[in-house]
Amino acid sequence: MTTKESSQSAFEAEITAMVARARVIARRQRRTFLIVFALVVVTIQAVAFVWPGTFEARAAVLLQKTRISSGIDADPSAPTTVMTDTVSEEEVNSEVAILTSRETLDATIRAANLDKLPTPLYLRVIFAPLRAYERAYAWLHEVPYPSAEQRARAGLGGALSVERLRESNILVVSYRAGNPEFAEIVLNELLRHYLDRHVAVHSQTDVQPFFITQTEVFDKEIVGLQRQLADLKNSAAVADFATERELQMRRLASLRDEELTLRRQIAELNGKMASVLGDAAKDEDWVRTSTTTRPASQAREGLRAEILRLELAQIGLERKYTAGSPLVVENRTKLEAARRALEQERQSTADESTIGLNPLLVSLRQEEARLSAERDGAAERLTTLQQQLNATEQRLRLIDEKTTQAERIQLQLDSAKARYTMYLERTESARMDAALDRGRVANVSIVQYAEAQPKPVRPKRLMTLLASFIIGLAIAVLVTAVRELQLMGILGAIESAAPRPEGRA
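What counts and how
Residues numbered from 1 in each chain as written. Predicted model: local features only at pLDDT ≥ 70, side-chain atom pairs only at ≥ 80, totals over all residues. Heavy atoms only, no water. Axes fitted to C-alpha atoms, helices over the stretch in contact; angles between N-to-C directions. Helix = DSSP H or I, 4+ residues; strand = E, 2+ residues; numbered from the N terminus. Parallel < 35°, antiparallel > 145°, perpendicular 65-115°, else oblique. Left-handed = near helix turned anticlockwise from the far one by under 90°. Contact = heavy atoms within 4.5 Å. Nonpolar A, V, L, I, M, F, W, Y, C, P; charged D, E, K, R; others polar. Phe/Tyr/Trp six-rings, centres within 6.5 Å; stacked < 30°, edge-to-face > 60°. Buried < 20%, exposed > 50% of the residue type's maximum accessible area, 1.4 Å probe, protein only. Lys NZ or Arg CZ within 6 Å of the ring centre and 35° of its normal. Pairing = 2+ DSSP bridges. Salt bridge = Lys/Arg side-chain N within 4 Å of Asp/Glu carboxyl O. Core = buried A, V, L, I, M, F, W, Y, C linked by side-chain atoms within 4.5 Å.

**Student:** It is not clear to me how the packing of helix H3 (residues 102-112) against helix H6 (residues 180-202) should be interpreted in this structure. Could you clarify?
**Tutor:** Contact geometry for H3 and H6: axes closest at 9 Å, N-to-C directions at 135 degrees. Looking at the two axes, H3 sits oblique to H6. Judged by the twist between their axes, the crossing of H3 over H6 is right-handed. Between H3, through Glu103, Thr104, Leu105, Ala107, Thr108, Ala111 and Ala112, and H6, the contact on the second element is made entirely by Val186, Glu189, Leu190, Arg192, His193, Tyr194 and Arg197. For the contact of H3 with H6, a count of residues per class yields seven nonpolar, three polar and four charged.

**Student:** How should I be thinking about the packing of aromatic side chains in this particular structure?
**Tutor:** Taken as a whole and assessed by the stated rule, the structure comprises three aromatic pairs. The interplanar angle of 20 degrees and the centroid separation of 5.5 Å between the aromatic rings of Phe218 and Tyr423 together place this pair among those described as stacked. With Phe218 in helix H7 (residues 208-236) and Tyr423 in helix H11 (residues 359-435), the pair connects residues that are 205 residues apart, well separated along the chain. Accessibility classification places Phe218 together with Tyr423 in one group, the buried group. A cation over an aromatic ring shows up here: Arg135 above the ring of Tyr145, its NZ or CZ 4.3 Å from the ring centre.

**Student:** Looking at this structure, I do not really get the pairing of strand E2 (residues 160-164). What am I missing?
**Tutor:** Across five bridges, the pairing between E2 and strand E3 (residues 170-177) is antiparallel. Of the residues in E3, the one forming a bridge with Glu163 is Val172. Counting the residues that bridge the hairpin from E2 to E3 gives five residues, and of these Glu167 lies at a positive phi of roughly 55 degrees.

**Student:** When you look at the sheet that holds E2 in this model, what are you seeing that I'm missing?
**Tutor:** Sheet strands pair via backbone hydrogen bonds, and the direction of the pair is either parallel or antiparallel. Spatial ordering of the open sheet is given by E2-E3-E1-E6, a layout of four strands whose pairing is antiparallel. Looking at the sheet topology across the chains shown, the edges are occupied by E2 and strand E6 (444-452). Sheet twist, expressed as the average angle between the axes of neighbouring strands with direction ignored, equals 20 degrees. Here H6 sits on the sheet and contacts strand E1 (55-63), E2, E3 and E6; the angle it forms with E6, its principal contact strand, is near 165 degrees.

**Student:** How should I be thinking about the pattern of salt bridges in this particular structure?
**Tutor:** Think of it this way: side chains of opposite charge can pair up when their charged atoms draw near. A complete count under the given rule lists twelve salt bridges for this structure. With a closest N to O distance of 3.3 Å, Arg176 and Glu56 form a salt bridge. Taken together, the residues span a long stretch of sequence, with Arg176 in strand E3 and Glu56 in strand E1 at a distance of 120 residues. On the basis of relative accessible area, Arg176 is assigned to the partly exposed category, the value being 33%. Taken together, the shared-partner salt bridges connect Glu56, Arg58 and Arg176 into one network.

**Student:** How should I be thinking about the nonpolar core in this particular structure?
**Tutor:** Formed by 30 residues in total, the largest nonpolar core has its most connected members in Val61, Leu63, Tyr175 and Leu187. Breaking this core down by element, the ones donating at least two residues are E1, helix H2 (89-99), H3, helix H5 (148-159), E3, H6 and E6. When residues in this core are grouped by element, the largest group, six residues, is from H6. Formed by 16 residues, the second largest nonpolar core is a distinct cluster that contains Leu229, Leu232, Ile399 and Leu413.

Dropping the structure here:
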């Protein structure tokens, strides 16, 4: 047998021996290997299941190139003229820098209160040694310890990523957080403050403060004018001057018509009384009669009937009208005149028991008393009516004066409202114009707002499963090897300590 053949045979024998030893070890450590492997896989899967997932929210921003500035007073419905659709890499990088700038991040942190969010307990426990080290380092080197806002800024910047979509003018902005809804809220706030920051950076002539100041000035002026108009209406006790003036004009016309009617009625009563007095003067002859008390008794009965009628009419009028009403006052005057006439009739009857008046003269006297009472009532009613006319005229003069003031204030108010509306529109136009300055990446719009998938991006189930199998195999092999080495050491020690046979050296 040659040397080559003998060496090959020895190598094969060694391989066979190694395989045999491996089989023996595998049979001996199989249980340990399986237990360790199962424990490692289950532990990793349990930790991955309990560990909070990381969710990602994505949004898209469209960048367009330069436009021709239309000016603040231009037609807002006119389309924007775009010079070119190509956005250079430098301009994209500029927008990314604005999006991730400190000002944008700080505004987002303040809006979303990221610096006030409580840290989970497991993170505090994990990072407790690191925080203690940072405090000690800051104290030793006299450097400021990171604040909650600085940590929130660092966390927001680390969880934020911006990349340009291939062969397009769209920036894809993504943000990762432990909750999908929270990720969407934070990313939307970030985009809103990015647009504001974009306007502030690209604005050449910022006229917004001027328009905002003017808007506030006219807002205060409008409030003051409205207060003056309300005070003016309260002082005149009206809700609308035009309506109140029309009502007062109608009332004044009605009172004047009634005044003319009463004056005509009084003139007629005066004429009737003059005629009655003339007839009575002709029939003032005294006659002797055996029944002198009958004419006087008939006159007295007529006056009593008239008094009864007036009292009944007074009761009815007092139910319908107030005590100061012209009709009530007129009827009361008639009633008093009739009572005075009855009293005079009683006295004349008592004094002249044998002499009576002419019956015609008695009738004329009754008619005179009635006409006198009616004229006195009409005169009293005319007096009250004139007082009402004077009050209505004064009220109308006051309304006219207040109406003039109200029209002046209303004119100022309408002018202030028109200018206020104009400045509001100019403020919006100025904001848009500042965001769309000539020669810059002006037209920035949100193509897609933040949207987060309910499936976490980290940890991934498949990767976690593969990692658990690989790590479980590695740890199981390591533990098996350690145990086998320990077992081999123990067997070697037992073999060396065992007594040898006498025939052997």
